[in-house]
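Overview (structure and organization)
Listed here are the chains, written in short residue letters.
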Amino acid sequence: MEEEKKKKQYYYCSSTGAPIIPRFAQLLCFLLSIFAISAFAQAFDYADALTKSLLYFESQRSGRLPYNQRVTWRDHSGLTDGLEQGVDLVGGYYDAGDHVKFGLPMAFTVTMLSWGVIEYRQQIAFAGELEHAMETIKWGTDYFIKAHTSPNVLWAEVGDGDTDHYCWQRPEDMTTSRQAYKIDENNPGSDLAGETAAAMAAASLVFKKTNPHYSHLLLHHAQQLFEFGDKYRGKYDGSVGVVKSYYASVSGYMDELLWAALWLYKATDKEEYLKYLIDKAQCFGGIGWAITEFSWDVKYAGLQVIASKLLMEEKNKKHAHILEQYQSKAEYYICSCLNKNNGTNVEHTPGGLLYVRQWNNMQYVSTAAFLLTIYSDILQDSNQKLKCHGGMVGHEEILSFAKSQIDYILGSNPMNMSYLVGYGSNYPTRVHHRGASIVSYRENKGFIGCTQGYDYWYSRQVPNPNVLVGALVGGPDCEDNFVDQRSNYMQTEACTYNTAPLVGVLGKLLQLEGQNLDLNHDSPLLASY
């Protein structure tokens, strides 16, 4: 009884659970609650992460750099690309830490960047990054326009991985082969043509209002590329053999043709593209494959998520039977990420990160976070819930899980490591990247030969002289362990298609953060002090 009396003499602060002396209780609880809100709100600076994500693509630029280039340790490179073949292939992006321009991952990168801007344009603009996002997309699409030299010819690659990987050089010093490889009527590549068509169709939507002439040009190329890929069918790695060890098209080309048709339907509103998506849904695997990854190679999950969104539009209701089957497969993907499927789920590390593959796992995390975010919006807009074997799931839970993946990337993980280079105070400093690991060409223009880089720079234990800001590295292993070594390319190499999906998700999280701040601002408790 005496204990009960003593307890009643204390107030309990809900944010800490600790008893407080009555005289100071109200003020102290208020201060602690303010601190708790501030700590939560300040946990991750999504605006900074967005800015840095877009900056990364400037590090990956090939060609003649523009006057407003912000990554100043880079300089012009690849200025004779395509010269041997009599075509101008200057520009585009290096995919990762080497200097080959691979068409398929570059196109997927641009598709994802464009999709992010289409969905979260206002949020990205609010962060002051829309212009940078559009410049990033246009650097890729300008190159695709050059690479698509005639209706049935698309240049697929410049350089080759074997000779490129033999050297460790800055891009400005390249002495490796810059031979270019193409697909055409006799050497088809429906997967590459399809993804490039998807990228250009998606980008045409990005530029539709601000640059209608350019948008129309992109759409013209996209339509031609789709027709080419559909008419002359075949996998591009069968025509461009040098790509097989690096970006082989394991999933084939059917997913890319459906993907391209879907983006062309979104860009043109022409029934013929929707008809393609519906008529070939079964035979091309669109409603047959239930997939637990979304990547530069496998497009089915992304395709299925967008098809689910089409169901919300009245004009598409006549195709509900097929679109609902697409949606069913999209739900399988989402439920597998949430670990709520009856059977196959995506593995999670002990720290909560989605884990698909040992090599460059973060690419699957960023694409998953993106699709989860999109699907959360779909459910919210349609006022529906997702039915998984593990129960009903609301849009808040899906978005919360997507956020947890981004927060893991930014440092909420057992290693307390930000896997987005340059973000926070603890991030990888020995990224597997030729240009970043060697003294800047602008500081030292002395030529560094093919193997000199290995001799003097590759094996150094010190941090890279240039910070590859915004790069999302391959990330930790299945036990959340990460070794920051340049030679550990499975974990420390970054790729353009790792970072690209982050742009849209970070835009959404900024919106969410803004809504939370508005709610806190309107709180009567806070307003009364």
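Just above, that's the structure.
In this text the structure is predicted, and so the values were computed from the model without any measurement. (Residues numbered from 1 in each chain as written. Predicted model: local features only at pLDDT ≥ 70, side-chain atom pairs only at ≥ 80, totals over all residues. Heavy atoms only, no water.)

Turning next to the pattern of salt bridges. A side chain of one charge can pair with a side chain of the opposite charge if their charged atoms are brought near each other. In the structure shown here, the tally under the stated rule is 24 salt bridges. Here Asp-75 and Arg-442 are joined by a salt bridge, their closest N and O atoms 3.9 Å apart. One end of the pair, Asp-75, is in the loop between α3 (46–59) and β3 (101–102); the other, Arg-442, is in the loop between α17 (434–437) and α18 (452–458), with 367 residues separating them in the sequence. Classification of Asp-75 by relative accessible area gives buried; the value is 12%. Ionic contacts of the salt-bridge type, sharing partners, join the residues Glu-58, Arg-61 and Arg-70 into one network. (Salt bridge = Lys/Arg side-chain N within 4 Å of Asp/Glu carboxyl O. Helix = DSSP H or I, 4+ residues; strand = E, 2+ residues; numbered from the N terminus. Buried < 20%, exposed > 50% of the residue type's maximum accessible area, 1.4 Å probe, protein only.)

Strand order across the open sheet formed by three strands is β3-β4-β5, with antiparallel pairing between neighbours. What marks the edges here is a single partner per strand, and that holds for β3 and β5 (180–183). As defined by bridge partners, β3 adjoins strand β4 (residues 154–158) across two bridges and the pair is classed as antiparallel. Bridge assignment links Phe-102 to a residue of β4, and that residue is Glu-157. In the packing of helix α7 (residues 190–206) onto the sheet, contacts are made with β4 and β5, and the angle to β4 comes to roughly 100 degrees. (Pairing = 2+ DSSP bridges. Contact = heavy atoms within 4.5 Å. Axes fitted to C-alpha atoms, helices over the stretch in contact; angles between N-to-C directions.)

Looking now at the environment of Glu-195. Positionally, Glu-195 belongs in helix α7. The exposure class assigned to Glu-195 is buried, which follows from its relative accessible area of 0%. Sequence separation between Glu-195 and Ala-107 is 88 residues; the distance between their C-alpha atoms is 6.0 Å. Discounting chain neighbours no more than four positions away, the residues touching Glu-195 are Leu-104, Ala-107, Phe-108, Thr-111, Glu-256, Trp-259 and Lys-299. A distance of 3.1 Å separates a polar atom in the side chain of Glu-195 from a polar atom in the side chain of Trp-259. Of the polar contacts made by the side chain of Glu-195, one reaches the side chain of Lys-299; its length is 2.7 Å. (Polar contact = N/O pair within 3.5 Å; in protein donor to acceptor, adjacent residues only side chain to side chain.)

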